[in-house]
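Chain by chain, the residues:
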Amino acid sequence: MLRRRVLFIGLAVLLATGIGHAEPALNIVIYGATGEIGTHIVREALQRDHRVTAVSRNPAGLEMQHPNLSTVKGDLLDRASVSAIVTGKDVVIVSVRGVIGDSATPESALQFIAAEMLVDVLFPMGDNAPRLIHVGGSGSLEVEPGVLFAEKLPKILLPKDLEVEILGQILALEFYRKVDDVHWTYITPPRNFTNGERSGVFRIGGDQALKDSRGRTRVSRADFAVAIIDEAEQAMYPRQRISVAY
Ligand SMILES: NC(=O)c1ccc[n+]([C@@H]2O[C@H](COP(=O)([O-])OP(=O)(O)OC[C@H]3O[C@@H](n4cnc5c(N)ncnc54)[C@H](OP(=O)(O)O)[C@@H]3O)[C@@H](O)[C@H]2O)c1
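Computed from a predicted model, the values in this text were never measured in an experiment.

Chemist: Now, about the overall build of the protein chain: what can you tell me, with residues and values included?
Modeler: Regarding its fold elements, the protein chain presents 7 helices and 12 strands. A compact globule built from 246 residues should have a C-alpha radius of gyration of about 18 Å, and the protein chain, at 19 Å, falls within 12% of that. Considered along the principal axes of its C-alpha atoms, the protein chain spans approximately 75 × 50 × 35 Å. For the protein chain, the residues scored as buried account for 40% of the 246 residues in total. Relative to all contacts within the protein chain whose residues are 6 or more apart in sequence, the contacts with residues 24 or more apart total 70%.

Chemist: Give me the lowdown on the pairing of strand β1 (residues 27-31), citing residues and values where you can.
Modeler: Across the 5 residues of β1, 4 count as buried, placing the element largely inside the fold. As defined by bridge partners, β1 adjoins strand β2 (residues 51-56) across 5 bridges and the pair is classed as parallel. Bridge pairing in β2 links Ile-28 to Val-52. This β-α-β element, β1 to helix α2 (residues 36-47) to β2, shows right-handed connectivity. Bridging between β1 and strand β4 (residues 91-94) involves 4 bridges; their strand directions are parallel.

Chemist: So what's going on with the environment of Ile-187? Which residues, and what values?
Modeler: Summarising the element assignment, Ile-187 is placed in strand β8 (residues 184-188). A residue is classified by how many C-beta atoms lie within 10 Å of it, and Ile-187, with 22 of them, is buried. Note: C-alpha distance between Ile-187 and Ser-243 (56 residues apart in sequence) is 5.5 Å. Contact partners of Ile-187, with chain neighbours within four places excluded, come to Ile-133, Val-135, Gly-136, Ala-227, Ile-228, Glu-231, Ile-242 and Val-244.

Chemist: Provide a residue-level description of unusual backbone geometry, including the pertinent values.
Modeler: For Asp-49, which is not glycine, the phi dihedral falls at a positive 70 degrees. Relative to the helices and strands, Asp-49 resides in the loop between α2 and β2. Here Asp-49 falls in the partly exposed class, since 13 other C-beta atoms lie within 10 Å of it.

Chemist: Could you give an account of α2, with specific residues and numbers?
Modeler: Compared with the 16 Å implied by 1.5 Å per residue over 12 residues, the 18 Å span of α2 between its first and last C-alpha is a close match. Turning to α2, its buried residues are Ile-37, Gly-38, Thr-39, His-40, Ile-41, Val-42, Glu-44 and Ala-45. Turning to α2, the residues buried within the fold contact β1, β2, β4, β5 (131-135) and α7 (221-234). Immediately beyond the C-terminal end of α2, within one or two residues, lies Asp-49, with a positive phi of roughly 70 degrees.

Chemist: Report on the packing of helix α4 (residues 110-122) against helix α6 (residues 160-176), specifying residues and quantitative values.
Modeler: With their axes 7 Å apart at the nearest point, α4 and α6 run at an angle of 25 degrees to one another. Comparing their axes, α6 and α4 come out roughly parallel. Residues Gln-111, Phe-112, Ala-115 and Glu-116 of α4 form the contact with α6, whose own contacting residues are Glu-165, Gly-168, Gln-169, Leu-171, Ala-172, Phe-175 and Tyr-176. For the contact of α4 with α6, the per-class residue count stands at 6 nonpolar, 3 polar and 2 charged.

Chemist: Go over the nonpolar core with me, naming the residues and quoting the values.
Modeler: By size, the foremost hydrophobic cluster in this structure holds 61 residues, and its most contacted members are Ile-30, Ile-93, Ala-114, Leu-118 and Ile-228. The element that contributes the greatest number of residues to this core is α4, accounting for 10 residues. Excluding its chain neighbours within four sequence positions, the residues that come into contact with Ile-228 are Ile-41, Ile-93, Ile-133 and Ile-187.

Chemist: Tell me what's going on with the site of the ligand, and back it up with residues and numbers.
Modeler: Of all residues adjacent to the ligand, which total 28 residues, the nearest are Gly-35, Ser-56, Arg-57, Val-96 and Ser-138. No other element matches the 3 residues that α2 contributes to the shell around the ligand. Of the residues belonging to the shell around the ligand, the class tally is 9 nonpolar, 13 polar and 6 charged.

Chemist: Go over the sheet that holds β4 with me, naming the residues and quoting the values.
Modeler: Strand order in this open sheet of 8 strands is β3-β2-β1-β4-β5-β8-β12-β10, and the pairing throughout is mixed. The open sheet has two edge strands, β3 (69-73) and β10 (203-205), and neither has a second partner. The average angle at which neighbouring strand axes cross in this sheet is 25 degrees, direction not considered. Pairing of β8 with strand β12 (residues 240-245), which is carried by 4 bridges, proceeds in the parallel orientation. Within the sheet, the bridge partner assigned to Ile-187 lies in β12 and is Ile-242.

Each value, and the rule that gives it
- Residues numbered from 1 in each chain as written.
- Predicted model: local features only at pLDDT ≥ 70, side-chain atom pairs only at ≥ 80, totals over all residues.
- Helix = DSSP H or I, 4+ residues; strand = E, 2+ residues; numbered from the N terminus.
- Rg over C-alpha atoms; globule rule 2.2 N^0.38 Å.
- Buried ≥ 20, exposed ≤ 12 C-beta atoms within 10 Å, placed from the backbone.
- Contact = placed C-beta atoms within 7 Å.
- Pairing = 2+ DSSP bridges.
- Right-handed = clockwise from strand over helix to strand, strands pointing away.
- Expected span 1.5 Å × (residues − 1).
- Axes fitted to C-alpha atoms, helices over the stretch in contact; angles between N-to-C directions.
- Parallel < 35°, antiparallel > 145°, perpendicular 65-115°, else oblique.
- Nonpolar A, V, L, I, M, F, W, Y, C, P; charged D, E, K, R; others polar.
- Core = buried A, V, L, I, M, F, W, Y, C linked by C-beta atoms within 7 Å.
- Near = placed C-beta within 6 Å.

Here you go:
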């Protein structure tokens, strides 16, 4: 009897303090797991006890090791491979960049191609489809009413591939906004990423760039990853674009 009471009190304390959170572990696929942002997302997901499938065209390049981490060779340009990797998973996170071919059009940005590919693969899965979280680009945020950050960038100083990627991210968001039969969330970082620590304290906004008290729009990569895995766990923003910043 006493043992049962101690167990009950212990459980109540754990729940009250949030330690050993009750969320069931998710099966999360991460495209871009070798990337600057993706590495932080992988780390955050593992820290919260989720099972991570890290995708890379060259998985030997993935140095992280963890019992809940599996690595798989995959390419977002290969539909059969995408379909095989995402089937049966809970969440797919896409945090990739690149420009395909030399047309230099926004349609050639991997961020847009990935959005189209994943929606195309997930749609036929219906209710069994994993949720999709897309790491967006800050060029798509409004810096003043009706004016996107992308429109304010000095084109002359911008490398051509970066310009294509920025426009590709805007196109990807426009594309998602027409998709009402796949559970997507487009999460946009602010203009600047920092190397700061994981604080777990940030704000969630919408289409307007969030500024801190000194007019800066920034967040650490580690905190951005917290926001991504929060959404993976809580599915708070279905078919919406949100932004993250201090
Ligand atoms: N302020 C901002 O708005 C801002 C700043 C930085 C980044 N971002 C966004 O954040 C996202 C990630 O950027 P990042 O800087 O972390 O990128 P990154 O370090 O350059 O990494 C790019 C990733 O894309 C993956 N990739 C490339 N081609 C692929 C393909 N065909 N199939 C599957 N994966 C492929 C690479 O994986 P493998 O080479 O291992 O296959 C790599 O992990 C992008 O969407 C970018 O636009 C936004």
